[in-house]
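Fold and contact review
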Amino acid sequence: MVVVGASLGGLRAADALVRAGYDGEVTLIGEEPHYPYNRPPLSKEALVAEHDFEKIRLRSSAKADAYRVMLGTRVERVDLSRGELYLADGSSRGFDGLIAASGLRSRALGIPKPPGGILSLRSYDDLLSLRAQLGGVTKVVIIGAGFIGCELAASLTTLGLQVTVIAPEEVPMLRPLGHDLGAAIQHRHERHGVHFALERLPVAIEGGLRPSAVICDDGSRYEAQLVIEAVGSTTNVEWLQDNGLDLTDGVACNEKLQFAGHPNCFAVGDIARFPNLLFDGVARRVEHWGIAVDSGRHAGKALASVLRSNEPVQEFRPMPAFWSDQFDLRIQSFGMPGLVQDSASIRVIEGDLADEVAVGYYREEILVGVVLLGMAQSHNKYRKILADNLG
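What comes next is a walk through the structure. Source: prediction; values computed, not measured. (Residues numbered from 1 in each chain as written. Predicted model: local features only at pLDDT ≥ 70, side-chain atom pairs only at ≥ 80, totals over all residues. Heavy atoms only, no water.)

Turning to the overall build of the chain, a few remarks are in order. A count of helical and extended segments in the chain gives nine helices and 27 strands. Relative to the 2.2 N^0.38 estimate, which gives 21 Å for 391 residues, the radius of gyration of the chain is 22 Å and therefore close to what a compact globule would have. Taking the principal axes of the C-alpha coordinates as reference, the chain spans close to 60 × 50 × 35 Å. Within the chain, contacts between residues at least 6 apart in sequence are counted, and of these 62% link residues at least 24 apart. Surface exposure of the chain reaches about 17200 Å², of which carbon and sulfur atoms provide 47%. Averaging the coordinates of the 39 positive side-chain charges in the chain and doing the same for the 49 negative ones gives two points 4 Å apart. (Helix = DSSP H or I, 4+ residues; strand = E, 2+ residues; numbered from the N terminus. Rg over C-alpha atoms; globule rule 2.2 N^0.38 Å. Contact = heavy atoms within 4.5 Å. Areas by Shrake-Rupley, 256 points an atom, 1.4 Å probe, with all protein chains shown as cover. Lys, Arg positive; Asp, Glu negative; His and termini not counted. Charge placed at Lys NZ, Arg CZ, Asp CG, Glu CD.)

Printed below as a string of structure tokens:
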């Protein structure tokens, strides 16, 4: 068994293979030189408190010698019909079962940039680069007003920096949360001193070894000694090409996370595009920490079962959930609020947008998502309400 991708989903998949009773050889291959680690803290407490690697290192639930871990190893391609992986060092590795957990990389804007480049934040090495460049900096521009961009804005403002967030949307986090909730969160950021330049597109970044300013499509100019791109991610699936797979947005899988035509191959985490029949039959990727954990465990257990006894594999029907900490605010989400884009179908269930609030997202009058600002005591209540609505 080979697991390609040594992050959260890959680690949990390897653990699950062993814990399911598979006693053959299991190898976990990771391109980064670091042991699997937790990524959400990178934009929050690991940045503010300067946590060392051990603070974010993940722990395996299997025995230390239960499987082989190969770090700093790049998989160039795979031949699924032959069951063969080809590595960047020229070697190859055969396999009977495969779990793809290769995750994402930061997307970059195709605009003029200074020779010294700008930053993004996806890996531990990115965090070290960001920390190293903070000395003497007072003004930061973040391009992108999604969750990572807003978390970074909160963290860097907490560190005493002047932060401007540039994005084309009307409000931060518009697509996942909707206009009203995004606007409410924007107001909280602004009270802490974050400046937003919205409905603008960066067209160039000036500077030499360090950036000096971001120029936008309306002619506006924002001075910066540090620029961070937080404009989304790209799936790491190039190594799976030439196998007849649909790789248009991650890896197309069935409702069990299996590749089409390859029952002994699974995808997990951010690259898995699968239909969650708890909601509908449309295949989607879900970039949530909890999905990486749950899909890794599902795929590891399922693959062990397939190779051991060819038993039927259960459907993967998770309840997506995520959280985001921004200043003193915790945002929690259950279900798939991003399925609802009609503002009339996004309603306050309890509380007030100016304070703590529970917001419901309805599709054809069926509750498909709930987002909480604060209201920690209501976490279990709304999770149960949502589960009951989805049947």
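Moving on, we get to the sheet that holds strand β27 (residues 366-373). Spatial strand order, β23-β24-β27-β26-β25: five strands in an open sheet with antiparallel pairing. A single partner strand is all that each edge strand has here, and the edge strands are β23 (321-326) and β25 (346-351). Averaged over all pairs of adjacent strands, the angle between their axes in this sheet comes to 20°, without regard to strand direction. Strand direction decides the pairing type here: strand β26 (residues 357-363) and β27, joined by seven bridges, are antiparallel. Within the sheet, the bridge partner assigned to Ala358 lies in β27 and is Leu372. In the packing of helix α5 (residues 147-158) onto the sheet, the strands contacted are β23 and β24 (329-335), and the crossing angle to β23 comes to about 30°. Sitting on the sheet, helix α7 (residues 179-191) is in contact with β23, β24, β26 and β27, with an inclination near 5° to β27. (Pairing = 2+ DSSP bridges. Axes fitted to C-alpha atoms, helices over the stretch in contact; angles between N-to-C directions.)

Turning next to the environment of Gln225. By the element assignment, Gln225 lies in the loop between β15 (221-223) and β16 (226-229). Using a relative accessible area of 29% as the deciding quantity, one classes Gln225 as partly exposed. Linking Gln225 and Gln133, residues 92 residues apart in sequence, is a C-alpha distance of 9.3 Å. Side-chain polar atoms of Gln225 contact the backbone nitrogen of Thr138, separated by 2.7 Å. A distance of 2.8 Å separates the side chain of Gln225 from the backbone nitrogen of Lys139, its partner in a polar contact. (Buried < 20%, exposed > 50% of the residue type's maximum accessible area, 1.4 Å probe, protein only. Polar contact = N/O pair within 3.5 Å; in protein donor to acceptor, adjacent residues only side chain to side chain.)

Our focus in this paragraph is the pairing of β16. Here β16 shows two buried faces, one formed by Leu226 and Ile228 and the other by Val227 and Glu229. Inspection of the sheet shows strand β10 (residues 139-143) paired to β16 by four bridges, in the parallel sense. Within the sheet, the bridge partner assigned to Ile142 lies in β16 and is Ile228.

The next subject is the sheet that holds strand β1 (residues 2-4). Pairing in this open sheet of six strands is mixed, and the strands run β3-β2-β1-β7-β20-β19 from one edge to the other. Strands with a single pairing partner mark the edges of an open sheet, and in this sheet they are β3 (68-70) and β19 (258-259). In the sheet, β1 pairs with strand β7 (residues 98-100) via three bridges, with the strands oriented parallel. Bridge pairing in β7 links Val2 to Leu98. Packed onto the sheet, helix α1 (residues 8-19) meets β1, β2 (27-29) and β7 and runs at close to 170° relative to β1. Running at roughly 165° to strand β20 (residues 262-267), helix α8 (residues 289-309) makes contact with β7, β19 and β20 of the sheet.

Leu98, Leu240 and Phe259 are the most contacted members of the largest nonpolar core, which totals 54 residues. Considering each element in turn, this core owes the most residues, seven residues, to α8. Ranked by size, the runner-up nonpolar core spans 33 residues in total, among them Val286, Leu367, Val370 and Leu373. (Core = buried A, V, L, I, M, F, W, Y, C linked by side-chain atoms within 4.5 Å.)

Residue pairs three or four apart in sequence face the same way in an α-helix, which turns once every 3.6 residues. Spanning 12 residues, helix α9 (residues 379-390) covers 17 Å between terminal C-alpha atoms, matching the ideal 16 Å at 1.5 Å per step. The complete set of buried residues in α9 reads Tyr382, Leu386 and Leu390. Down the axis, α9 shows its buried residues gathered within 70° of arc, on one side only. Of the exposed residues in α9, the ones pointing more than 90 degrees away from its buried face are Asn380, Lys384 and Asp388. (Expected span 1.5 Å × (residues − 1). Arc of directions from axis to C-beta.)

Okay, the side chain of Thr164 next. Within the element layout of this structure, Thr164 appears in strand β11 (residues 162-167). Under the relative-accessibility criterion, Thr164 is labelled buried at 13%. The contacts of Thr164, once residues within four sequence positions are left out, are Val140, Val141, Ile142, His195, Ala197 and Tyr222.

Our focus in this paragraph is the side chain of Asp79. Along the chain, the position of Asp79 falls in strand β4 (residues 75-79). Despite being buried, Asp79 has no salt bridge partner; Arg82 is the closest side chain of opposite charge, sitting 4.5 Å away. Within the structure, Asp79 has its side chain in polar contact with the side chain of Ser81 (distance 2.6 Å). Those residues in contact with Asp79 that lie beyond four places of it in its chain are Glu84, Tyr86, Phe95 and Asn243. (Salt bridge = Lys/Arg side-chain N within 4 Å of Asp/Glu carboxyl O.)

Geometry only, nothing functional implied.
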